[in-house]
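If you want the building blocks of each chain, they are given just below.
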Amino acid sequence: MAAQIAVAKTSGGNAAFHNFNNDFAHITDPNERRRLALAEIDKAPFGWYHVRACVVAGIGFFTDSYDIFAINLVTSMLGISFFQNSKSKGTIPSESDTAIKVATSGGTVLGQLGFGYLADVVGRKRMYGLELIIIIFATLAQALSSPSRSISIVGLIIFWRVLMGIGIGGDYPLSSIITSEFATTKWRGAMMNAVFAMQGIGQFTAAMMALIVTSGFKESLLTGSKASTCTGVCQLAVDKMWRIIIGFGAVPGCIALYYRLTIPETPRYTFDVARDVEKAGEDASAYLKGKAEGTPDEIQRVTTMVQSSAALEIPKASFKDFLAHYGQWKNGKILLGTAGSWFFLDVAFYGLGLNNSIILSAIGYSGGSNMYQIFYRTAVGNLILVCAGAIPGYWVSVATIDTLGRKPIQIGGFAMLTILFIVIGFAYNHLSGHALLALYVLAQFFFNFGPNSTTFIVPGECFPTRYRSTSHGFSAASGKVGAIIAQVVFGPLRTRGAKPGATGKDASPWLNHIMEIFALFMLAGLLTSFLIPETKRKTLEELAGEVPGTANYDPVLAGHRQKNFEEGSAEAVSDEKKEVGNSIV
């Protein structure tokens, strides 16, 4: 039977801020207190505390996206600043360009796996904010880097971008699961999607910053007709420009840092992993009041923790339990579905960017008679592409994710992308520039109103609390491995057989075959999507199989079978004692 625990009431509470803790203070069963406290979070009406949670988490994704997208605009500036010689002629070598971009993805994989695991071991609160500190530090270090005779600028940038990538990787599982565990069930998908949709705003801001600094240094840029002649004041201006663009990425992170460091631990982690009933109840109440964290009586807290820990039904996290959980096909297939679909998605999502130069040429936003026109057209062209496809896709997904559901959006998105890549690949040489632009914008739209959003959301919902962060980190890392493959394998493959000095489509003779391969990846993503569950309007405990009477209920996962076994054993011993006593009498 559950341990009988005397629970102290707390002060405070009024009509505006109800004291939920006192509602449950008389309940001695820790499992019932857990159920009621989490139910208050699940059914809470949408309020400012939900908006605050989305903004604090979303600024992190804004920063992540800004830093990743900005480097695409900056590498040409690095060429002018550091490769102004007779061999390179102001253009960064393709190997260096690829290495700088892949460095971020490599660091991201490490961050997703490392932070994902640590958030399940030491807690969400202890890790949240640390990844943002790493991003801010590495961003500023990049902006202040200069080469010397012993180390090149490429080596410095790669080092700092790997470190920055570790911080960006940590943001994926942490922001997802913290938003998920604090969200109301009804609007959980929209809240998580709004956090992820800040990526689109980050891309927009990076292009806007490039446009602003280009306009600011217009007079200096006009002195250079092309990259090889951009010397003197032109080269100095470009050197300042890339540092400003990169360095600005630290600003939003600094704004959000305080709020990340002061969030309360999620009550679900405190209940299920830390097994601290008093603190979890106080934190749940504090969150709904808009406070940083709960402050229970420490003596009562320790006493309750000692007495109630063994009575909690949720299994403790352990390597043995992890293997037992995912060793069952019904659980293992979900992890396979989330990781597999994210992997297949990111290969094509990052690979589609190989078309950017051709798309910009098609709409007249490439090249120019001087460096000002070149940088201006590149910035404006990227703004157009982001606004046309990416941002609308993100926010249509936010608006519909809790009505249409995650699984239909993901399957429908993969199906549309399969068709679009088949058309782009097999009809590539017959498409006009404007037709290619239309297909590109549609692909961007269905990436974001589709698997790019849902692959982030579903792993934050469908796993049990004790392994939620680790599982999300593993799924996200699988995606970034796909991104690395797109950059390292398909990037160089695109130019196979190209003649020296070729431009436009002639510079990428293999691009049509790459698009055909991406269609196959989208089909594979479509198939793996059938392995994931529909999580719409279901509580996290129901999805984890802990709620009796629901389709997902599993008494072993919920700890109910073990409890029933122990109670049955205790009753059997009691009956045996009675029988022995009666026989003696």
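Everything below is about the structure printed above this text.
Notes on the structure follow. (Residues numbered from 1 in each chain as written. Predicted model: local features only at pLDDT ≥ 70, side-chain atom pairs only at ≥ 80, totals over all residues. Heavy atoms only, no water.)

## A look at the packing of aromatic side chains
Next up, step 1: For the structure on display, the rule yields 26 aromatic pairs.
Next up, step 2: Here the aromatic rings of Tyr-172 and Trp-342 are separated by 6.2 Å at their centres, their planes lie at 50 degrees, and the arrangement is tilted. With Tyr-172 in helix α7 (residues 153-182) and Trp-342 in helix α16 (residues 329-351), this residue pair connects regions lying 170 residues apart in the sequence. Summarising the burial analysis for this pair, Tyr-172 and Trp-342 share the class buried. (Phe/Tyr/Trp six-rings, centres within 6.5 Å; stacked < 30°, edge-to-face > 60°. Helix = DSSP H or I, 4+ residues; strand = E, 2+ residues; numbered from the N terminus. Buried < 20%, exposed > 50% of the residue type's maximum accessible area, 1.4 Å probe, protein only.)

## Points about the packing of helix α6 (residues 130-143) against α7
Next up, step 1: Direction vectors running N to C along α6 and α7 enclose 155 degrees, while the axes themselves pass 8 Å from each other. When the axis of α6 is compared with that of α7, the two are roughly antiparallel. As α6 runs across α7, the sense of the crossing is left-handed. Together, Glu-131, Ile-134, Ile-135, Phe-137, Ala-138, Thr-139, Ala-141 and Gln-142 of α6 and Ile-157, Trp-160, Arg-161, Leu-163, Met-164, Gly-167, Ile-168, Gly-170, Asp-171 and Leu-174 of α7 make up the contact between the two elements.
Next up, step 2: The class makeup of the residues in the contact of α6 with α7 is 11 nonpolar, four polar and three charged. (Axes fitted to C-alpha atoms, helices over the stretch in contact; angles between N-to-C directions. Parallel < 35°, antiparallel > 145°, perpendicular 65-115°, else oblique. Left-handed = near helix turned anticlockwise from the far one by under 90°. Contact = heavy atoms within 4.5 Å. Nonpolar A, V, L, I, M, F, W, Y, C, P; charged D, E, K, R; others polar.)

## Digging into unusual backbone geometry
Next up, step 1: Phi at Lys-89 is positive, roughly 55 degrees, even though this residue is not glycine.
Next up, step 2: On the secondary structure map, Lys-89 appears in the loop between α3 (48-82) and α4 (94-121).
Next up, step 3: Backbone geometry places Arg-537, a non-glycine residue, at a positive phi of 55 degrees.
Next up, step 4: Tracing the backbone shows Arg-537 in the loop between α23 (511-528) and α24 (540-543).

## Concerning the pattern of salt bridges
Next up, step 1: Tallied over the entire structure, the rule returns 13 salt bridges.
Next up, step 2: Here Asp-97 makes a salt bridge to Lys-101, at a shortest N to O gap of 3.2 Å. With Asp-97 and Lys-101 both in helix α4 and four residues apart, this pair spans about one turn of that helix.
Next up, step 3: Residue classification places Lys-101 among the partly exposed positions, given a relative accessible area of 22%.
Next up, step 4: A salt bridge links Glu-461 to Arg-406; the nearest nitrogen and oxygen atoms lie 2.6 Å apart. With a gap of 55 residues between them, Glu-461 in the loop between α21 (451-457) and α22 (468-494) and Arg-406 in helix α19 (residues 406-426) connect regions that are remote in the sequence.
Next up, step 5: Residue class for Glu-461 comes out buried when judged on its relative accessible area of 0%.
Next up, step 6: One continuous salt-bridge network, built from bridges that share partners, spans Asp-120, Arg-124, Glu-181 and Arg-468. (Salt bridge = Lys/Arg side-chain N within 4 Å of Asp/Glu carboxyl O.)

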